[in-house]
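Topology and contacts: notes
The residues making up each chain are set out below.
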There are 2 protein chains.
Amino acid sequence: MNNYCIIMAGGIGSRFWPLSKDNFPKQFLDILGTGKSFIRSTYERFSPVIPDENFLVVTNKAYKHLVLEHLPMLKPDQVLCEPARRNTAPCIAYAAYHIQSRCKEANIVVTPADHLVTNEVEFQRIIRIGFDFLANNQNALMTIGIKPSRPETGYGYIQCGMQNAECRMAQSEVGLRSHSEFRIHNSEFSGVVKVERFKEKPDYETAVKFVQEGNYLWNSGIFLWTLDGIMQAFNQYLPDMIEVFEKGKNDFGTANEQAFIDAHFIESPNISIDYGVMEKSPNTYTIPADFGWSDIGTWGSLFTHAKKDENGNAKRGNVVSIDNKNTIINIEEGTEAVVEGLEDYLVAYRDHSLLVCKLRDEQQIKVWIEGLK
Amino acid sequence: MNNYCIIMAGGIGSRFWPLSKDNFPKQFLDILGTGKSFIRSTYERFSPVIPDENFLVVTNKAYKHLVLEHLPMLKPDQVLCEPARRNTAPCIAYAAYHIQSRCKEANIVVTPADHLVTNEVEFQRIIRIGFDFLANNQNALMTIGIKPSRPETGYGYIQCGMQNAECRMAQSEVGLRSHSEFRIHNSEFSGVVKVERFKEKPDYETAVKFVQEGNYLWNSGIFLWTLDGIMQAFNQYLPDMIEVFEKGKNDFGTANEQAFIDAHFIESPNISIDYGVMEKSPNTYTIPADFGWSDIGTWGSLFTHAKKDENGNAKRGNVVSIDNKNTIINIEEGTEAVVEGLEDYLVAYRDHSLLVCKLRDEQQIKVWIEGLK
């Protein structure tokens, strides 16, 4: 099998403070209470289509032990350690060079470590469609596009090329049901479609327009390409970055790899794969998908996916809840809580840190925690 | 010096959950942030009038190590261990028998371990008045009476005998300022006065009447008497209890004391010193006092005495407070908290337990915590 999976697991996820912290970022958490961390679920989601030895996790050095703890089936040399964060393009380049030392004909799927997918069977079907497409389209750079269910302003969008037959959606089937709830009957919208353009996170009005127009998808940040395809794109669009990695070309896959990375990785420009490659290449494709996806990027999105009690509270841990409504109460194992009289609040405790705040103010968490001694 | 001090430190103080718990009751806490636990402050308050070797702490076995940790100047045999809680009369009897084995001419002051006194100099003056009075009144059973500053319904009251000259208060000086705030100019009301009657915790209307009448004091639970005086009273009013202790008469102060207590203490009736002795004896006296006293029996009373920020919040620990008002935030050392958007709330964390509730509902805490697993 030439199919490889790169799991990007270097994030620190301060938005979920205090559950996620520098020393314990979101990908290692089981915020939803499924019994599995995000990174573990990510591995299991790909496991039916990727052999264990073809997984690579790119992470910060500080998290290597956590990765191996959560994914004990991986060998230590499958965990690639960045000495510093340099965004997704250098992260993917590092892994691509590593794969190149093992398999020149690799197909690669790249995934964040901390997303939610609820329908894994459908997910695997989509990934297989992607690998099949690559067999005949070696230079294709593919993104999984998520069929939008609401005018979300927190995601980037993918505009599909309307010239593509599969992308012709029955516009009449797109119905605006309310400001917050959309339903799209896009059964026609399937297979692989050409990307017209990638769009940054829109404002609300633009998001509404995107969803109504029907040929926009959420950018999931899951990519598929061949090793050759991404290397060609790197050479064409990010020559400065490639110059850095080429210096260590012969070190990848050897005992010198880590030393080279430690010495030179930070010389790479800090740039995302979307901005550095996808938005520039004419060879971009997307697979419209609907497998219950969320990036669980905010407490609000967590709340959406969490199981709730009869008063709309999402509780986790040994909690006595009295007269609360639409409130998240999430405390770590080994602790207990009595919480009374809150509505639309967030109460979280982990690792000696407590947060009590209004759910609608969660964007401020990053700022507030700077005030802690 | 024949002056002894019995510190009653057996309480479990579940009202301050999660700060106080079975394994760490209120007397060992520094809830007010003075840098000293209640029991330590209690010791220091009496220290100028009681030699170190004449302190006795009566507590539960489980807390002996905590007592010695907070009061390292005491020898282990100064910590008397009850095998079970049997209210204040048996607690005091145990200590009295122990003292009897060391000093037949003892004067004794008995105090709870978990009260607040802000004016220690005045406190010591009052205690000295008490000991002086005992010198000429060997059978007197004395209570410190606190001049009331509000119609508090949480305390028992002492009605002073009006026949006593010192008790004649200028009634006109008692002014009802508001439903919640009283000020009493009772400068005449001093020295030792005869107790007319002890009153149970009153309802609000009765408390208002008491405070307006001017000859009522709060019962502080601090007692003074001679060893002989309290022993006579025990014999007269609690013969059942005395029967139990007399069986071990010769064991007190010997290596057999603990074994005797372990075997027989629970045979004692469960009765308070107020109900069992003070309310029955004709020899009761009180010293009206005003030394900044509170039993800190509720979160509300703690709030009254705590230092507050400009928004009326009482914070303790590494706390970032945003848009809170009149809220207690009390977290243990080594933890941190971000708290936003609460008014009249209580947020407390200690020993793996979290409480978030409305201050006005604090009476329910005891009930709520029964729901924890």
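**Observations regarding the overall build of chain A**
Helix and strand counts for chain A come out as 11 helices and 19 strands. A compact globule built from 373 residues would reach a C-alpha radius of gyration of about 21 Å, and chain A, at 21 Å, matches this within 12%. Within chain A, counting contacts between residues at least 6 apart in sequence, those at least 24 apart form 70% of the total. Surface exposure of chain A reaches about 15500 Å², of which carbon and sulfur atoms provide 45%.

**Points about the relation of the copies chain B and chain A**
Between chain B and chain A, which share one sequence, the superposing operator has a rotation angle of 180° and an axial displacement of 0.1 Å; the RMSD is 0.1 Å. Overall, the copies show the geometry of a two-fold rotation axis. The fraction of interface residues of chain B whose copies in chain A are also interface residues reaches 100%, indicating that both copies meet through the same surface.

**Structural notes on the packing of aromatic side chains**
Tallied over the full model, the rule gives 39 aromatic pairs over all chains. Relative to A:Tyr63, the ring of A:Phe28 lies with its centre 5.9 Å away and its plane at 65°, an arrangement referred to as edge-to-face. In this pair, A:Phe28 sits in the loop between strand E1 (3-8) and helix H1 (38-46) while A:Tyr63 sits in the loop between strand E2 (55-60) and helix H2 (64-70), placing the two residues 35 residues apart along the sequence. As far as the burial class goes, A:Phe28 and A:Tyr63 line up, both buried. A cation over an aromatic ring shows up here: A:Lys308 above the ring of A:Phe303, its NZ or CZ 5.1 Å from the ring centre. Across from the ring centre of B:Tyr285, 4.8 Å away, lies the NZ or CZ of B:Lys194, which sits over that ring.

**Observations regarding helix H1 (residues 38-46) of chain B**
Residues and elements named next belong to chain B. By the criterion of burial, H1 is predominantly enclosed, with 7 of the 9 residues buried. Listed as buried for H1 are Phe38, Ile39, Ser41, Thr42, Tyr43, Arg45 and Phe46. Where the residues of H1 are buried, they touch strand E1 (3-8), strand E2 (55-60), helix H2 (64-70), strand E4 (107-112), strand E5 (116-117) and helix H4 (120-136).

**A word on the confidence of the model for chain A**
All names here are of chain A. With 92% of its residues at a pLDDT of 70 or more, chain A has an overall mean of 91. Note that pLDDT drops below 50 for residues 163-187; the model gives that stretch 55 contacts with residues more than four away or on any other chain. Both confidence scores are given for the complex: pTM 0.78, ipTM 0.76.

**Observations regarding the environment of B:Ala337**
Along the chain, the position of B:Ala337 falls in strand E17 (residues 336-340). C-alpha separation for the pair B:Ala337 and B:Ile50, spaced 287 residues apart in sequence, amounts to 42 Å. B:Ala337 has contacts with A:Leu354, A:Leu372, B:Asn318, B:Val319, B:Val320 and B:Ile331, leaving out every residue within four places of it along the chain.

**Some details on the sheet that holds strand E19 (residues 353-358) of chain B**
If you walk across this open sheet you meet the 6 strands as E15(A)-E17(A)-E19(B)-E18(B)-E16(B)-E14(B), and the pairing is mixed. Every other strand in the sheet has two partners, leaving strand E15 (318-322) of chain A together with strand E14 (314-316) of chain B as the edge strands with one partner each. Across the sheet, the axes of successive neighbouring strands diverge by a mean angle of 5°, strand direction being ignored. Bridge count for strand E17 (residues 336-340) of chain A against E19(B) is 4 bridges, and the pairing is parallel. Bridge pairing in E19(B) links A:Val339 to B:Val356.

**Quick look at the sheet that holds strand E18 (residues 345-350) of chain A**
What the 6 strands build is an open sheet, ordered E14(A)-E16(A)-E18(A)-E19(A)-E17(B)-E15(B); its pairing is mixed. Each having just a single partner strand, strand E14 (314-316) of chain A together with strand E15 (318-322) of chain B make up the two edges of the open sheet. Between one strand axis and the next, the sheet turns through 5° on average, direction left out of account. With 5 bridges connecting them, E15(B) and E17(B) associate as parallel partners. The residue bridging B:Asn318 from the neighbouring strand is B:Glu336, located in E17(B).

**Topic: the interface of chain B and chain A**
The interface is formed by 31 residues belonging to chain B together with 31 residues belonging to chain A. Summing both sides of the interface, chain B and chain A together bury roughly 2700 Å²; the carbon and sulfur share of this comes to 56%. Among the ionic pairs, A:Lys21 bridges to B:Glu336, the shortest N-O distance being 3.9 Å. At the boundary of chain B with chain A, the tally comes to 19 residue pairs in polar contact (both at pLDDT 80 or more). Only E15, E17, strand E18 (345-350) and E19 of chain B provide two or more residues apiece to the side of chain B that touches chain A. With 6 residues, the single largest contributor to the side of chain B that touches chain A is E19(B).

**So, the pairing of strand E12 (residues 284-289) of chain B**
Residue and element names in this part refer to chain B. With 6 of 6 residues buried, E12 is to be regarded as a mostly interior element. Across 2 bridges, the pairing between strand E10 (residues 193-199) and E12 is antiparallel. When the bridges of E12 are listed, Val193 appears paired with Thr286.

**Looking at the side chain of B:Ser20**
Residue and element names in this part refer to chain B. Within the element layout of this structure, Ser20 appears in the loop between E1 and H1. By relative accessible area, Ser20 is classed as buried at 1%. If near-sequence neighbours (up to four positions away) are discounted, Ser20 is found in contact with Ile12, Gly13, Ser14, Pro25, Lys26 and Leu29.

**Re the packing of helix H3 (residues 88-100) of chain A against helix H6 (residues 227-237) of chain A**
Residue and element names in this part refer to chain A. Between H3 and H6, whose axes approach to 11 Å, the crossing angle comes to 130°. Taken as axis vectors, H3 and H6 run oblique relative to one another. In this structure, H3 crosses over H6, and the sense of that crossing is left-handed. Facing Ala89, Ile92, Ala93, Ala96, Tyr97, Ile99 and Gln100 of H3, the residues of H6 in contact are Leu227, Met231 and Phe234. When grouped by side-chain class, the residues that make up the contact of H3 with H6 number 9 nonpolar, 1 polar and no charged.

What counts and how
Residues numbered from 1 in each chain as written. Chains lettered and ligands numbered in written order. Predicted model: local features only at pLDDT ≥ 70, side-chain atom pairs only at ≥ 80, totals over all residues. Heavy atoms only, no water. Helix = DSSP H or I, 4+ residues; strand = E, 2+ residues; numbered from the N terminus. Rg over C-alpha atoms; globule rule 2.2 N^0.38 Å. Contact = heavy atoms within 4.5 Å. Areas by Shrake-Rupley, 256 points an atom, 1.4 Å probe, with all protein chains shown as cover. Least-squares fit on C-alpha atoms with pLDDT ≥ 70 in both. Phe/Tyr/Trp six-rings, centres within 6.5 Å; stacked < 30°, edge-to-face > 60°. Buried < 20%, exposed > 50% of the residue type's maximum accessible area, 1.4 Å probe, protein only. Lys NZ or Arg CZ within 6 Å of the ring centre and 35° of its normal. pLDDT = per-residue confidence, 0-100. Pairing = 2+ DSSP bridges. Axes fitted to C-alpha atoms, helices over the stretch in contact; angles between N-to-C directions. Buried area = accessible area lost by both parts, 1.4 Å probe. Salt bridge = Lys/Arg side-chain N within 4 Å of Asp/Glu carboxyl O. Polar contact = N/O pair within 3.5 Å; in protein donor to acceptor, adjacent residues only side chain to side chain. Parallel < 35°, antiparallel > 145°, perpendicular 65-115°, else oblique. Left-handed = near helix turned anticlockwise from the far one by under 90°. Nonpolar A, V, L, I, M, F, W, Y, C, P; charged D, E, K, R; others polar.

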